Amino acid sequence: MRFAYYPGCVGKSSAAEVDHATRRLAARLGIELVELDQASCCGATQGWVTDPSLTLALNARTLAQAEGLGLDVLTICNTCYLSFTRTISRLSHPGELARVNHALGAIGLQYQGRARVRPLPAVLLEDVGAADLRRQTRRPLEGLRIAPFYGCHLLRPAPALGADDGRSPHWLEDLFVALGAEAVDHPAKTQCCGFHILMTNEPLGARIAARVLQSARAAGAACVGTPCTQCYVTLDAFQKAAERESRTRFRLPILHVAEVAGIALGLSGRDLRLSSHMVSPRSLGLV
Amino acid sequence: MGAGQVVARIFSYDPAEGREPRYETYEIPRAREMRVLDALIYVVDQLGASLAFRWFCGVRRCGACGVQVNGRPVLACWEPAAEQMVIEPLPNLPIVRDLVVDHSGYDRVVDRLFPYLDRRDPYQSFPEPLTHGAMRIPHDLMQCVQCLICVAACPSWRIDGEGFQGPAALVQAGRFALDPRDALDRSSALARGLYDCCSCYACNDACPMGIDVLGHAVEPLRAACIKRGLGEEARHSHAFLDLIREAGVVTAPSLLLKTRRAGALARAGEGLKLARKGKFSLASPISTAEEIRKVQERMEER
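Keep in mind that this is a model prediction, so the values were computed, not measured.

**Overview of the overall build of chain A**
What chain A contains, in helices and strands, is 12 helices and eight strands. Whereas a compact globule of 287 residues would reach a radius of gyration of roughly 19 Å, chain A reaches 19 Å, a difference of no more than 12%. For the C-alpha atoms alone, the extent of chain A along its principal axes is close to 55 × 45 × 35 Å. Among the 287 residues that make up chain A, the fraction classed as buried is 64%. Considering only contacts in chain A between residues 6 or more positions apart, those separated by 24 or more positions represent 78%. For chain A, the accessible area works out to roughly 9,700 Å², and carbon and sulfur atoms hold 49% of it. Chain A carries 31 positive and 25 negative side-chain charges, and their two centres are separated by 4 Å.

Below, the structure written as structure tokens:
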């Protein structure tokens with residue numbers, strides 16, 4: 001298995017440990033990651049409103065780089081996933097495609113529409129498979145009460161995986177259960193973490209994050225597991241801000257899917273750089 | 001279907017009575033193609049319950065019958081009855097009684113956004129010279145029945161209406177502001193709260209009319225405000241794109257410095273804590289960043 005790997009800006013900076021964990025996990029599973037090291041930012045939410053045509057063209061450039069390798073793109077961030085699927089959908093329009101390929105011609109690239117974009121949990125569940133993950137588990141997460149947190153952009157506007165309409169997903173639960181953990185249901189699991197307004201309205205973003213942490217805590221979870229680097233940063237690095245805004249003490253460790261799988265597959269805390277978390281997962285007694 | 005029962009636990013509360021809200025449980029014989037609205041009507045008409053709820057058209061046109069069913073805001077007239085239902089008033093809005101919520105906060109927000117067409121040119125005659133392409137977005141927004149289900153689903157909406165206007169009000173603003181016949185500049189009224197949308201698509205997902213609330217209202221209105229440079233978010237968005245153009249990547253410290261400038265220093269303490277965990281690092285620019293300029297130039301050619 002080979003993928004063109006796109007860690008995303010958050011994976012390259014605030015969540016560098018998740019990028020690292022993803023590489024270690026992939027190596028452990030025999031998945032080869034070829035990093036798209038010349039790819040640009042996906043534009044997140046700002047790109048599409050501030051300069052949509054540049055955002056479209058630069059994402060097409062990234063996808064064309066993956067196509068040059070003959071590979072699909074692997075993402076560890078929900079918004080990167082959305083931004084690329086948005087690009088692919090826009091480029092199904094022949095006029096847009098011609099315009100973008102004219103621009104990419106300036107740097108010797110053409111977008112063909114072949115590369116697919118795959119979020120990490122999709123690769124783990126659909127390509128590796130739950131049975132194989134279970135078989136490769138070295139340290140089953142028995143007794144770990146983990147609250148799945150999907151975030152938004154793998155569910156809305158269109159579900160990235162799973163057969164349902166994105167309203168009552170269970171693939172994250174399926175993944176955690178395959179790794180031996182106990183998935184704890186909670187009402188905020190498909191809600192927003194608040195990431196996209198943290199920079200401009202931190203109190204509001206932190207209040208939104210607090211709702212998620214509150215929901216997981218009330219359900220009796222020991223930690224939260226998410227497929228997204230942005231959700232991870234919001235719930236971990238901004239947990240203090242969320243505690244301040246809600247006047248509640250959470251101290252809930254947040255784990256990215258790459259880390260949950262990495263732990264179960266026997267990687268050490270040092271391998272996974274778990275000491276980089278703001279809320280230490282050490283209390284979980286896993287590694 | 002047809003046989004069997006529907007068990008509905010329905011929220012009951014009258015602020016005038018001064019007692020705690022409670023839930024009443026009703027057993028309702030299941031009918032063919034039964035909707036939540038049919039169950040509510042049965043509870044009042046056949047079981048004689050005192051229950052306040054709003055409805056008028058029963059066919060997804062009037063927007064009056066919004067309620068929350070099993071945790072999801074829906075139109076009672078457009079939602080199949082489930083075997084077990086917890087029916088509550090729409091969240092995020094003040095309760096008048098039982099399932100009836102107060103829409104007046106929303107009405108006030110809409111009023112401040114000039115919800116009317118301010119014509120560029122005086123009306124000539126029917127038909128107006130409009131194209132389908134130019135009316136595509138306003139036409140989608142015209143489907144809005146103002147049921148406020150998107151508001152109930154929105155994580156950023158605050159009842160006081162002071163900050164974020166909420167998705168429904170932005171649909172109403174967009175309906176006129178994005179109409180090619182309109183000439184009124186609403187951007188300063190919009191910019192005050194518009195940027196608090198966290199792009200979660202909960203509004204799109206909840207809308208019973210299938211309106212692309214985020215793509216057709218929030219984003220185009222936001223784009224107009226950013227273009228005019230209104231508010232801190234505009235600076236943030238321009239800084240974000242500048243970083244992409246210069247380096248290809250965007251990191252929190254570089255963005256913070258560009259957006260908040262001297263204000264970023266106020267957050268130095270927190271930055272330091274994050275930096276100690278390696279979370280506040282500047283990613284190195286991609287070595288082919290000049291390709292970005294070339295692509296941009298070509299995109300701007302036509």
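**Some thoughts on the sheet that holds strand S2 (residues 32–35) of chain A**
Strand-to-strand pairing in sheets goes through backbone hydrogen bonds, with the strands running parallel or antiparallel. All names here are of chain A. Strand order in the open sheet formed by four strands is S2-S1-S3-S4, and the pairing between neighbours is parallel. The two strands at the open ends of the sheet, each matched to only one other strand, are S2 and strand S4 (117–119). Taken over all neighbouring pairs, the strand axes of this sheet differ in orientation by 40° on average, direction set aside. Direction of pairing for strand S3 (residues 73–75) relative to S4: parallel, over a ladder of three bridges. Opposite Thr75, over in S4, you have Pro119 as the bridge partner. Against the sheet, helix H2 (residues 16–29) engages strand S1 (2–6) and S2, with an angle of about 140° to S2.

**Some words on the side chain of Asp140(B)**
Residues and elements named next belong to chain B. Mapped onto the secondary structure, Asp140 falls in helix H3 (residues 132–141). Buried within the structure, Asp140 lacks any salt-bridge partner; its nearest side chain of opposite charge belongs to Arg136, at an N-O separation of 7.3 Å. Within polar-contact distance, the side chain of Asp140 engages the backbone nitrogen of Asp212 at 3.1 Å. Filtering out sequence-adjacent residues up to four positions away, Asp140 remains in contact with Gly210, Ile211, Asp212 and His216.

**Examining the sheet that holds strand S8 (residues 254–256) of chain A**
Residue and element names in this part refer to chain A. Taken in spatial order, the four strands make up an open sheet running S6-S5-S7-S8, and their pairing is parallel. The open sheet has two edge strands, strand S6 (182–183) and S8, and neither has a second partner. Relative to S8, strand S7 (residues 223–226) runs parallel, the two sharing three bridges. Bridge pairing in S8 places Gly225 opposite Leu255. Seen against the sheet, helix H8 (residues 171–178) touches strand S5 (145–148), S6 and S7 and runs at an angle of roughly 155° to S5.

**Structural notes on the packing of helix H4 (residues 52–69) of chain A against helix H5 (residues 78–90) of chain A**
Relative orientation and spacing of two packed helices are given, respectively, by the angle between their axes and the distance between those axes. Residues and elements named next belong to chain A. One can describe the packing of H4 onto H5 by two numbers: an axis separation of 9 Å at closest approach and a directional angle of 100°. In this view, H4 runs roughly perpendicular relative to H5, as classed from their interaxial angle. Contacts between H4 and H5 pair Leu56, Asn59, Ala60, Thr62 and Leu63 from the former with Ser83, Phe84, Thr87, Ile88 and Arg90 from the latter. Of the residues belonging to the contact of H4 with H5, the class tally is five nonpolar, four polar and one charged.

**A short note on the nonpolar core**
Grouped together as the largest cluster of nonpolar side chains are 122 residues, with contacts concentrated most on Leu124(A), Leu141(A), Leu175(A), Leu179(A) and Leu235(A). With residues near it in sequence (within four places) discarded, Leu124(A) still touches Leu25(A), Leu29(A), Gly129(A), Ala130(A), Leu133(A), Leu175(A), Val257(A) and Ala261(A). Membership of the second largest hydrophobic core comes to 73 residues, among which are Leu82(A), Met34(B), Leu37(B) and Val101(B).

**Overview of the state of the cysteines**
All names here are of chain B. Scanning all chains against the criterion turns up zero disulfides over all chains. The thiol of Cys154 is unpaired, and the distance to the nearest cysteine sulfur, on Cys200, comes to 6.3 Å. Residue class for Cys154 comes out buried when judged on its relative accessible area of 8%. Among the cysteines around Cys197, which has no disulfide bond, Cys198 carries the closest sulfur, lying 6.0 Å off. You can call Cys197 buried: its relative accessible area is 8%.

Conventions and cut-offs
Residues numbered from 1 in each chain as written. Chains lettered and ligands numbered in written order. Predicted model: local features only at pLDDT ≥ 70, side-chain atom pairs only at ≥ 80, totals over all residues. Heavy atoms only, no water. Helix = DSSP H or I, 4+ residues; strand = E, 2+ residues; numbered from the N terminus. Rg over C-alpha atoms; globule rule 2.2 N^0.38 Å. Buried < 20%, exposed > 50% of the residue type's maximum accessible area, 1.4 Å probe, protein only. Contact = heavy atoms within 4.5 Å. Areas by Shrake-Rupley, 256 points an atom, 1.4 Å probe, with all protein chains shown as cover. Lys, Arg positive; Asp, Glu negative; His and termini not counted. Charge placed at Lys NZ, Arg CZ, Asp CG, Glu CD. Pairing = 2+ DSSP bridges. Axes fitted to C-alpha atoms, helices over the stretch in contact; angles between N-to-C directions. Salt bridge = Lys/Arg side-chain N within 4 Å of Asp/Glu carboxyl O. Polar contact = N/O pair within 3.5 Å; in protein donor to acceptor, adjacent residues only side chain to side chain. Parallel < 35°, antiparallel > 145°, perpendicular 65-115°, else oblique. Nonpolar A, V, L, I, M, F, W, Y, C, P; charged D, E, K, R; others polar. Core = buried A, V, L, I, M, F, W, Y, C linked by side-chain atoms within 4.5 Å. Disulfide = S-S within 2.5 Å.

Purely geometric stuff here, so don't read any function into it on its own.
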